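The lines below spell out each chain.
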Amino acid sequence: MIKEAITDLVPITERLKSQNLPIFLYGMGDGAEKINSYLQRNGIETKGVVASDGFVRGQVFLGHKVISISEAKERFGKLCLVLCFGLEGERSHFLKPLSVEHTLISPNISVFGDSVCDKEYIFENEDRFERVYNMLSDDKSKSLFLNLLKYNITGDIEYLDIEDSESAPEGFYRHSSRHIDIGAYDGDTVIEFIKHNGSYLDIVAFEPDKNSFKKFKRNTSEIRDCIGVNAAVGQKNGYIHFASGGGRASHATDDGDSVLCYSVDEYCENTHIKANGVPVGSIKIDAEGMDEEAICGAVNTIYRCRPSVSVALYHRSSDLIELPLLLRNHCSKYSFYLRKKEYVPAWDVFFYAVPKERE
């Protein structure tokens, strides 16, 4: 199935090399630097850097004076724009008409590292991609999985336009036990959880970034039995180095501030925080690159409580196969689903493991 679906697709690098249009980086910042390095490694020359009309203020980026798309169009005509930033929800809707007027290509470079889930990588791991595809329990998940692979190869945002793909499987919320939120940010995912589950026992939410944690405390102050923990989550208790940047810019690093780190298993066995013996009904993991470590540190809780589990699959290019297969090893008699929020590039992609008795 995988091979047949992607064999005839033209990869991003070949699409760009075949362009007779001037190629511009569209956007600035860390993402643009990473994409520019990717293009240079593949021998692709760019004409310059553009920004949306109204965002040009005399900036210079990567040695280029930043110009507006309108100015670039006036000077060069039709353009090839390489998207270098992320847009969520309705804010991304202007990209469709823009992609009609110009050629728009959106490379999906890993949030961490500079690897890509390209055609070569998929063919090298074809058997493992097939295993994940065959694990998925509904057509929506399978269609999304194939479209994510097609998008990763081509950079065509049409493949991200999947109707009603973001809602979690209903069984994920169906319990009256503890919910654990790893990577709680400003409380948005806790607020989303209580919309679907009003009968939970309590909520334990981990957020290592100090500024995000302050927002979390403010935004969840009226939510009953919500325990906020200003800490990271990994494979074992201890301390890690953490770079605070707010949202996606925050991540574990080799330097930076030292922050407390828990494992789910050790946290849930610690009697002084009223956790011993408390059943866990669901675990949400969006740990900004520490997702694998978070799963490994929760295996005893998974075996003991059989919770629903969701994990983010967009931080590294290998996440689409490594994390589902890792969860499958620890989740017996579960159904598996894939969902994606409305986002360009393919961020906020989540894999769900739901006990079959909840369906």
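That block above? That's the structure.
Colleague: Please provide a residue-by-residue account of the packing of aromatic side chains, values included.
Modeller: As enumerated under the stated definition, the model contains 16 aromatic pairs in all. Judged by centre distance (5.9 Å) and plane angle (45°), the ring pair of Tyr173 and Phe193 falls under tilted. Of this pair, Tyr173 sits in the loop between helix H8 (139–154) and strand E9 (178–182) while Phe193 sits in helix H9 (residues 188–196), placing them 20 residues apart in sequence. Residue classification places Phe193 among the buried positions, given a relative accessible area of 2%.

Colleague: Now, about a negative patch on the surface: what can you tell me, with residues and values included?
Modeller: Residues Glu88, Glu90, Asp188 and Glu342 make up a contiguous surface patch of negative charge. The residue Asp188 is located in helix H9 in this model.

Colleague: Go over helix H3 (residues 30–41), please, and point to the residues and values.
Modeller: Look at H3: 17 Å from first C-alpha to last across 12 residues, which is about the 16 Å you get at 1.5 Å a residue. All buried positions along H3 are accounted for by Ala32, Ile35, Asn36, Tyr38 and Leu39. Down the axis, H3 shows its buried residues gathered within 160° of arc, on one side only. Residues of H3 that are exposed and angled more than 90 degrees away from the buried face: Asp30 and Gln40. Structurally, H3 contributes buried residues whose contacts are with helix H2 (12–17), strand E1 (23–26), strand E3 (60–61) and strand E6 (80–83).

Colleague: Could you give me a rundown of the side chain of His315, with the residues and numbers involved?
Modeller: Tracing the backbone shows His315 in the loop between strand E17 (308–312) and helix H14 (319–330). On the basis of relative accessibility, which here comes to 0%, the residue His315 falls in the buried class. A distance of 3.3 Å separates the side chain of His315 from the side chain of Asp286, its partner in a polar contact. In this structure the side chain of His315 is engaged in a polar contact, spanning 2.7 Å, whose partner is the side chain of Asp291. Setting aside its immediate chain neighbours within four residues, His315 contacts Ser110, Val111, Phe112, Asp286, Ala287, Glu288, Gly289 and Asp291.

Colleague: Can you lay out the pairing of strand E16 (residues 280–285) for me, pointing to particular residues and giving the numbers?
Modeller: A large share of E16 lies buried, amounting to 6 of its 6 residues. In this sheet, E16 lies alongside E9 in parallel orientation, the contact comprising 5 bridges. Across the sheet, the residue bridging to Arg178 is Val280, located in E16. The pairing of E16 with E17 spans 4 bridges and is parallel. Counterpart to Ile285 in the pairing with E17 is Val311.

Colleague: Summarise the sheet that holds E16; cite the residues concerned and give the values.
Modeller: Taken together, the 7 strands give an open sheet; going across it, the order is E11-E10-E9-E16-E17-E20-E18, and neighbouring strands pair in mixed fashion. Of all the strands in the sheet, the pair left with one neighbour each is strand E11 (226–229) and strand E18 (334–340). Between one strand and the next, the sheet's axes are offset by a mean angle of 15°, whatever the strand orientation. Packed on one face of the sheet, H9 meets E9, strand E10 (203–206), E11 and E16 and runs near 160° to E10.

Colleague: Just give me the short version of the environment of Ile227, but keep the residues and values in it.
Modeller: Mapped onto the secondary structure, Ile227 falls in strand E11. Relative accessible area serves as the criterion here: at 30%, Ile227 is assigned to the partly exposed category. The spacing of Ile227 and Asp202 is 25 residues in sequence and 7.6 Å in space, taken between C-alpha atoms. The contacts of Ile227, once residues within four sequence positions are left out, are Arg178, Asp202, Ile203, Val204, Ala205 and Tyr267.

Colleague: If you had to explain unusual backbone geometry to someone new, which residues and values would you point to?
Modeller: Each neighbour pair has its own omega, and for Val344 with Pro345 the value is 5°, a cis peptide bond. Relative to the helices and strands, Pro345 resides in the loop between strand E19 (343–344) and strand E20 (349–355). Phi at Tyr185 takes a positive value of approximately 55°, unusual for a residue other than glycine. Residue classification places Tyr185 among the partly exposed positions, given a relative accessible area of 33%. Backbone geometry places Asp348, a non-glycine residue, at a positive phi of 55°. Topologically, Asp348 is positioned in the loop between E19 and E20. Take Asp348: its relative accessible area is 8%, and that puts it in the buried class.

Definitions and limits used
Residues numbered from 1 in each chain as written. Predicted model: local features only at pLDDT ≥ 70, side-chain atom pairs only at ≥ 80, totals over all residues. Heavy atoms only, no water. Phe/Tyr/Trp six-rings, centres within 6.5 Å; stacked < 30°, edge-to-face > 60°. Helix = DSSP H or I, 4+ residues; strand = E, 2+ residues; numbered from the N terminus. Buried < 20%, exposed > 50% of the residue type's maximum accessible area, 1.4 Å probe, protein only. Patch = residues over 30% accessible without salt bridge, like charges linked within 9 Å, V, L, I, M, F, W, Y side chains within 5 Å. Areas by Shrake-Rupley, 256 points an atom, 1.4 Å probe, with all protein chains shown as cover. Salt bridge = Lys/Arg side-chain N within 4 Å of Asp/Glu carboxyl O. Lys, Arg positive; Asp, Glu negative; His and termini not counted. Charge placed at Lys NZ, Arg CZ, Asp CG, Glu CD. Expected span 1.5 Å × (residues − 1). Arc of directions from axis to C-beta. Contact = heavy atoms within 4.5 Å. Polar contact = N/O pair within 3.5 Å; in protein donor to acceptor, adjacent residues only side chain to side chain. Pairing = 2+ DSSP bridges. Axes fitted to C-alpha atoms, helices over the stretch in contact; angles between N-to-C directions.

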